[in-house]
Amino acid sequence: MIRSMTAYASAERAAPFGTLTCELRTVNHRYLEISPRLPDELRSFESALRERIATRLSRGKVDITVRLRAEAGSGEGLRVNAAVLSRLSELALDMEQRFPRMSIQFTELLRFPGVLQQAETDADAMQAALLDVLDQALTALGDTRAREGAKLGEMLSERLDGIERIVADVRSWMPEIRTALRARLETRLADIRQPADPGRLEQELVLQITRMDVDEELDRLSTHITEARRVLALKEPIGRRLDFLMQEFNREANTLGSKSVDSRSTNAAVELKVLIEQMREQVQNIE
């Protein structure tokens, strides 16, 4: 299954302690890199969150943002820290004697850190809710990555078809190119006033043909095409394999161009490199 590394997804889940929202953004990366942003109440579950993501994704830079929103107007679970409030009251009375005009409102005391406290939430229930909303987001993310991956697969298959056509064309041209090379060599030797040794002519011809022989490069390109199609059909992450294959494709295209003695094969080598580069750019986005 081809999956893109570039995608976005979000999910939301209501829980007794509030509403959880999870947003996932992924882009291409050589390895799996997870960057979580969690509210303070959920920071202790970061390790479990990372482990869950690693079971679903193998590559990509993953930015995850989790938000916790308490229900508006709900005071359930709130309690007053009597000890802190009592101490603040004592301080307020003391300050009032020193500064008679100072006025302290009760609501201002409630804003002081530690006066109002949220009742402790069951940690297991909170972690379960977090992982549940994460799973929902990961499922949506996987669907998006699969859809984008299918488009990438179609594009890569089209480019492979193009490479295969070029390889077939070059194969069909080679007999004609060899014949033209022999004719050029014979013409050059005919221009020389001294008669040429037939044996020397054959040696020079063999040497030139050996230098321009691209059968091995064409065979390897055909092998790479077959392997790339096999990899595209695998049901596992294939990005690294395809990246390696792109290097092999490029190596053969470069050699083909360096051995060319005909404008057709030279242009074919250029077209090959264009197709391979288009594939390489898209392979960088595949998991």
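Quick note: structure is the one above.
Calculation notes
Residues numbered from 1 in each chain as written. Predicted model: local features only at pLDDT ≥ 70, side-chain atom pairs only at ≥ 80, totals over all residues. Heavy atoms only, no water. Pairing = 2+ DSSP bridges. Helix = DSSP H or I, 4+ residues; strand = E, 2+ residues; numbered from the N terminus. Right-handed = clockwise from strand over helix to strand, strands pointing away. Core = buried A, V, L, I, M, F, W, Y, C linked by side-chain atoms within 4.5 Å. Buried < 20%, exposed > 50% of the residue type's maximum accessible area, 1.4 Å probe, protein only. Contact = heavy atoms within 4.5 Å. Axes fitted to C-alpha atoms, helices over the stretch in contact; angles between N-to-C directions. Salt bridge = Lys/Arg side-chain N within 4 Å of Asp/Glu carboxyl O.

### Examining the pairing of strand E4 (residues 60-69)
Residues in a regular strand point their side chains to alternate faces of the sheet. The sheet contact formed by strand E2 (residues 18-27) and E4 spans 9 bridges and is antiparallel. Its bridge partner lying in E4, Leu20 is registered against Leu68. The sheet contact formed by strand E3 (residues 32-37) and E4 spans 6 bridges and is parallel. Within E4, the residue paired with Ile34 across the bridge is Val62. Once you follow E3 into helix H1 (residues 46-56) and on to E4, the crossover reads as left-handed.

### Some thoughts on the nonpolar core
Ranked by size, the top nonpolar core spans 33 residues in total, and within it Leu156, Ile163, Val170, Ile238, Leu242 and Phe249 carry the most contacts. Only helix H4 (123-190), helix H6 (215-232), helix H7 (239-258) and helix H8 (263-283) provide two or more residues apiece to this core. Counting residues per element, this core draws most heavily on H4, which supplies 10 residues. Each residue touching Ile238, except ones within four places of it in the same chain, is listed here: Ile2, Val231, Leu232, Ile286 and Glu287. Judged by nonpolar contacts, the second largest core, of 27 residues, contains Leu20, Cys22, Val66 and Val133.

### Regarding the sheet that holds E2
Strand order in the open sheet made by the 4 strands is E1-E2-E4-E3, with mixed pairing throughout. Every other strand in the sheet has two partners, leaving strand E1 (7-15) and E3 as the edge strands with one partner each. Put simply, the sheet's adjacent strands are angled 15° from each other on average, direction ignored. In this fold H1 packs onto E3 and E4, with an angle of close to 140° to the strand it touches most, E3.

### Section: the pattern of salt bridges
Evaluated as defined, the whole model comprises 26 salt bridges. In this structure, the salt-bridge partner of Glu176 is Arg264, at a minimum N-O distance of 3.6 Å. Of the two residues, Glu176 sits in helix H4 while Arg264 sits in helix H8, which places them 88 residues apart along the sequence. With a closest N to O distance of 3.1 Å, Asp262 and Arg264 form a salt bridge. One connected set of salt bridges, linked through shared partners, spans Glu216, Glu217, Arg220, Glu252 and Lys259.

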